[in-house]
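# Understanding the architecture of this molecule
The chain contents come next:
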Amino acid sequence: MGLASADTECSSEPQQPSSDQHYPIHKPAHNLPQPEGPGLAIVPVTNPAANEWYHGKLESVPLDLGVDCFKVQGAPASGDISALGRIRAAFLPLQNYGEEAAVTMAKFVNAKHRLMPYIFNLSIQAHTTGHPLQRAMLLEFLGDRTTHHLDRQYMLGPSLLVAPIFAPTSKESKYYAPAGRWTSFFHPARTLEGPAWVTELVPIDELPVWVRPHTVLCLGPAGVGRPDYALHRGVDVRLYALEEGRAVETRVPSEKGDEIVGTVRAKLSGGGGGGDTLDRRPAPTPLY
């Protein structure tokens, strides 16, 4: 989102762009874009180097993956070049959500960065097969009739169950886990045996994200700080509740178009019992 704000000090002096330069104005404490609004960031377009960086990003957008238009806003004197934006700007000044919100946002932004090998692979599949990234529960669990009416949770691809919280922190939230041993993405030592309804109080800085049984998940390096990196380098391969004698695999993409650089395969054999790899290793430490 290209946007210049009258309330933001922007230098017009030329700068030498570098490969790791991020021109959206950031909150230094957390390396997060200063929000103009939820989901938006401020680019100082009066800076020639920032302009070059922004145009380069537009040129690199993969149009063949379905991006067919761009919306660029400007906000001179707190205004906007679009009528809708002007109306919105009149009632929504630049937001400052506070330090607590910045810490929470940093946690989830970092989680997204680590998940980029998984997300990018799903994006390639969406382009080539039409399978959506965000899926109603019934698409993955058609045989479980309980999932047919669930409208407050979803699957992110085939492997991650996400249950957004719509209740205040003082009120219990409820979501459903289909059959199998599910593992908390953020707190891997915590597992859940489904099918089961989960009722719990969820803090403001938490989100229920559960990894499906029999999953191999590829994560990017911790602290990478950006979504566009070499997705096949420094991959952290994690195995979740593998079933005895049954192989599972996932593809590892590069960051270039629809290129796949390899496949990770896993199979538990000779372990006996239920074949739960998490039960045979020291308790994992939280990811964040």
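Let me begin by describing the structure that accompanies this report. For every chain, the first residue of its written sequence is number 1, and the numbers climb from 1 along that sequence. The predicted nature of this model means local features are confined to residues of pLDDT at least 70 and side-chain atom pairs, given and counted, to a pLDDT of 80 or more, with totals for whole chains, interfaces and linings taken over all residues. To get the side-chain values, all heavy atoms of the structure are used, and hydrogens and water are removed first.

Another point: the packing of aromatic side chains. Here the aromatic set is Phe, Tyr and Trp, taking the six-membered ring for Trp, and pairing holds for ring centres within 6.5 Å; pairs whose planes are under 30 degrees apart are stacked, those over 60 apart are edge-to-face, and all others are tilted. Taken as a whole and assessed by the stated rule, the structure comprises four aromatic pairs. Where F108 meets F186, the ring centres are 5.7 Å apart and the plane angle is 90°; that geometry is what we call edge-to-face. In this pair, F108 is assigned in helix α3 (residues 99-114) and F186 in the loop between β6 (173-184) and β7 (191-200), connecting sequence segments 78 residues apart. Classification of residues uses two cut-offs on accessible area relative to the type maximum, computed with a 1.4 Å probe and protein chains only: under 20% is buried, over 50% is exposed, and between them is partly exposed. Taking the relative accessible area as the measure of exposure, F108 reaches 25% and is therefore partly exposed. Of the residues examined, F186 reaches a relative accessible area of 4% and is grouped as buried. With centroids separated by 5.2 Å and ring planes inclined at 55°, the aromatic side chains of Y176 and W197 adopt a geometry described as tilted. Of this pair, Y176 sits in strand β6 while W197 sits in strand β7; the two residues are 21 residues apart in sequence, bridging distant segments of the chain. Residue class for W197 comes out partly exposed when judged on its relative accessible area of 42%. Three or more aromatic residues joined by ring pairs form one cluster here, namely F108, F185 and F186. Here a helix means four or more residues in a row that DSSP labels H or I, a strand means two or more in a row labelled E, and each is numbered from the N terminus.

A few words now on the pairing of β6. Where burial is concerned, most of β6 is hidden: nine out of the twelve residues are buried. Bridge count for β6 against β7 is nine bridges, and the pairing is antiparallel. Bridging from a neighbouring strand, S173 pairs with E200 of β7. By the convention used here, strands pair only if DSSP detects at least 2 bridges between them. From the end of β6 to the start of β7, which pair antiparallel, there are six residues. Looking at chain direction, β6 and strand β8 (residues 209-211) are connected through two bridges and run antiparallel.

One way to put it is that α3 packs onto helix α4 (residues 116-129) with a least axis distance of 5 Å and a crossing angle of 60°. The angle between the axes of α3 and α4 places the two elements in the oblique class. Of α4, the residues touching α3 (which contributes K112, H113 and R114) are M116, P117 and I119. Amino acids outside the nonpolar list (Ala, Val, Leu, Ile, Met, Phe, Trp, Tyr, Cys, Pro) and the charged list (Asp, Glu, Lys, Arg) are all regarded as polar, and Gly is one of them. In terms of residue class, the contact of α3 with α4 is made up of three nonpolar, one polar and two charged. Only the stretch in contact is used when a helix axis is fitted, and all axes are lines through C-alpha atoms; the angle between N-to-C directions ranges over 0 to 180 degrees. The cut-offs work like this: below 35 degrees is roughly parallel, past 145 is roughly antiparallel, 65 to 115 is roughly perpendicular, and the gaps in between are oblique. By the convention used here, residues are in contact when the closest approach between their heavy atoms is within 4.5 Å.

Take empty space enclosed by the protein next. Cavities and pockets are found on a 1 Å grid laid over the protein atoms alone: a cavity is a set of points where a 1.4 Å probe fits but cannot escape, a pocket is an open set with protein on both sides within 12 Å along at least five of seven lines, and a lining residue has an atom within 4 Å of such a point. Grid points are joined across faces, edges and corners, and a volume is the space filled by probe spheres set on the points. Per the counting criterion, the structure on display carries two cavities of 30 Å³ or more. Each pocket or cavity is described by its volume, and for the second largest cavity that value is around 30 Å³. Every residue along the wall of the second largest cavity is listed here: P117, Y118, N121, V216, L217, C218, T250 and R251. Elements supplying a minimum of two residues to the lining of the second largest cavity: α4, β9 (215-219) and β11 (248-253).

This part covers α3. Since the α-helix advances by 3.6 residues per turn, residues separated by three or four positions end up pointing in the same direction. Each residue after the first adds 1.5 Å to the expected span of a helix. The first and last C-alpha atoms of α3 sit 23 Å apart over 16 residues, in line with the 22 Å expected at 1.5 Å per residue. The complete set of buried residues in α3 reads A102, T104, A106, K107, A111, H113 and R114.

Turning next to unusual backbone geometry. The omega torsion across G194 and P195 is 5°, close enough to zero to call that bond cis. Relative to the assigned elements, P195 resides in strand β7. One non-glycine residue, A241, lies in the positive phi region at around 45°. Secondary-structure assignment places A241 in the loop between β10 (236-240) and β11.

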